[in-house]
Amino acid sequence: MSILAIIPARSGSKRVPNKNIKSCGGKPLIAWTLLAANKSKLINQIVISSDSEKIFNISNKYGAYIKSLRPKKFSGDKSMMLPLLQHEIKKNHHKKINYIVLLQPTSPLRTENDIDNAIKLIKKHKSDSVVSITKLPDSLIEAKKIMIKSKEGLLRNIDNSNVSSIGLKRNKSNKNIFLRNGPAIVVVKKETILSGSLYGERIIGFEMPFERSIDINNLYDFKMANLALRNISTNRLC
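Report on the accompanying structure.

What counts, and where the lines are drawn
- Residues numbered from 1 in each chain as written.
- Predicted model: local features only at pLDDT ≥ 70, side-chain atom pairs only at ≥ 80, totals over all residues.
- Heavy atoms only, no water.
- Helix = DSSP H or I, 4+ residues; strand = E, 2+ residues; numbered from the N terminus.
- Buried < 20%, exposed > 50% of the residue type's maximum accessible area, 1.4 Å probe, protein only.
- Lys, Arg positive; Asp, Glu negative; His and termini not counted.
- Salt bridge = Lys/Arg side-chain N within 4 Å of Asp/Glu carboxyl O.
- Polar contact = N/O pair within 3.5 Å; in protein donor to acceptor, adjacent residues only side chain to side chain.
- Contact = heavy atoms within 4.5 Å.

**Considerations on the side chain of arginine 70**
Step number 1: Relative to the helices and strands, arginine 70 resides in the loop between strand S5 (66–69) and helix H3 (81–89).
Step number 2: Buried arginine 70, no salt bridge; nearest opposite-charge side chain is aspartate 51, N-O distance 5.8 Å.
Step number 3: A distance of 3.1 Å separates a polar side-chain atom of arginine 70 from the backbone oxygen of serine 49.
Step number 4: With sequence-adjacent residues up to four places away left out, arginine 70 is seen in contact with Pro8, Ala9, Arg10, Ser49, Ser50, Asp51, Ser75 and Leu84.

Encoded structure:
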């Protein structure tokens, strides 16, 4: 099986300017994802898809990858991931690929072991895709703590039986609720993407610890990831 990792890293982030190359934990944010991908024992090729030569240049010292200059139509704020992945797959040097591993730089705490275990899972279950998820702490999913605020500022409780209405999924076998953690990892069959779906119909969840599931969407998330990565780096040196 041939496995291609794609790291999407456009330059136009607004909530955290220059996010992908901003220093986080002592390295550019994208470096953590590129390092993990290079340490993977199962990934055969790595592509960084970007509209920025600066991102490519900064990435050069953090591992081997194929440079893929992203067209402008895939580089805007509202650009969708599926068309970008289809564009990458259709390039000549990706013809022999069986699986795509999507690794977004906004999940810097995911490890090479997480990546390889997710790949093993899709092979084991022969599913269309594997998506990383994390178990939410009970304190975050109690019915009395999940609320909706109306335009008038009035609060309304959401019953636990309706948690699916706000994007959470209850696991009936153990009564736990899981949330996509970014997702930090998506492993998907090439045929699934080329057929017009990012995930397909048979989706297996790969559970990651809550503490490694930081997904950077704003400056606060970035600061939390910075603290976590610095702590990890310090512990490794001790």
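**Section: the pattern of salt bridges**
Step number 1: Inspection of the entire model under this criterion finds 3 salt bridges.
Step number 2: Among the salt bridges present, the one from lysine 67 reaches glutamate 53, with a minimum N-O distance of 2.8 Å. With lysine 67 in strand S5 and glutamate 53 in helix H2 (residues 53–59), the pair connects residues that are 14 residues apart, well separated along the chain.
Step number 3: Overall, the relative accessible area of 45% leaves lysine 67 in the partly exposed class.
Step number 4: On the basis of relative accessibility, which here comes to 38%, the residue glutamate 53 falls in the partly exposed class.
Step number 5: Notably, a salt bridge pairs glutamate 88 with lysine 91, separated by 3.9 Å at the nearest N-O pair.

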